[in-house]
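Survey of secondary and tertiary structure
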Amino acid sequence: MKRNTGFAALLIAFGALILFNKLGFHLGDFIGSVMGFVIPLIMVGLGYLGIKNDKKIGWVIAGIGIIILVSKLAGWIIILLAIGLIGYGFSMLKGRTA
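Attention here is on the structure that accompanies the text.

Brief notes about the overall build of the protein
Each helix and strand counted, the protein has four helices and zero strands in total. Along the protein, helices and strands appear, N-terminal first, in the series α-α-α-α. Looking at the protein as a whole, 11% of its 98 residues are labelled buried. Considering only intrachain contacts with a sequence separation of at least 6, the fraction spanning at least 24 residues in the protein is 33%. By element, 75% of the accessible surface of the protein is carried by carbon and sulfur atoms, the whole surface being about 8200 Å².

As for a nonpolar patch on the surface
On the surface, Phe-37, Ile-66, Val-70, Leu-73, Trp-76, Ile-77, Ile-79, Leu-80 and Ile-83 cluster together to form a nonpolar patch covering roughly 860 Å² of accessible area. Looking at the nonpolar patch, the elements with two or more residues in it are helix H3 (57–72) and helix H4 (74–95). Among the elements that make up the nonpolar patch, the one with the highest residue count is H4 (five residues). Here Leu-80 shows up in helix H4. Taking the relative accessible area as the measure of exposure, Leu-80 reaches 58% and is therefore exposed.

Things to note about the environment of Gly-45
Structurally, Gly-45 can be placed in helix H2 (residues 29–52). Residues Gly-45 and Ala-62 lie 17 residues apart in sequence; the distance between their C-alpha atoms is 7.2 Å.

What counts, and where the lines are drawn
Residues numbered from 1 in each chain as written. Predicted model: local features only at pLDDT ≥ 70, side-chain atom pairs only at ≥ 80, totals over all residues. Heavy atoms only, no water. Helix = DSSP H or I, 4+ residues; strand = E, 2+ residues; numbered from the N terminus. Buried < 20%, exposed > 50% of the residue type's maximum accessible area, 1.4 Å probe, protein only. Contact = heavy atoms within 4.5 Å. Areas by Shrake-Rupley, 256 points an atom, 1.4 Å probe, with all protein chains shown as cover. Patch = residues over 30% accessible without salt bridge, like charges linked within 9 Å, V, L, I, M, F, W, Y side chains within 5 Å. Salt bridge = Lys/Arg side-chain N within 4 Å of Asp/Glu carboxyl O.

What follows is the structure, given as structure tokens:
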């Protein structure tokens, strides 16, 4: 068995899931939401491989993947930012001594 056989099988499976979804064979909301995160991650990974192999298109693919991923994770990023601001505010209040 060759080294990239597992990766090739994974790409075929993801491609089949996308194709089934576009043809109307929906596999549930969970698969759709997972694929919404997997595709940008694959784009970032392929972009990284392109950058590593000195291909300029790798920067474009990675950049688009990062933009899509950040937009999908924007809600979580805002929640983490709010928690950080609350924690920083409490630490500032604790630091005051009269």
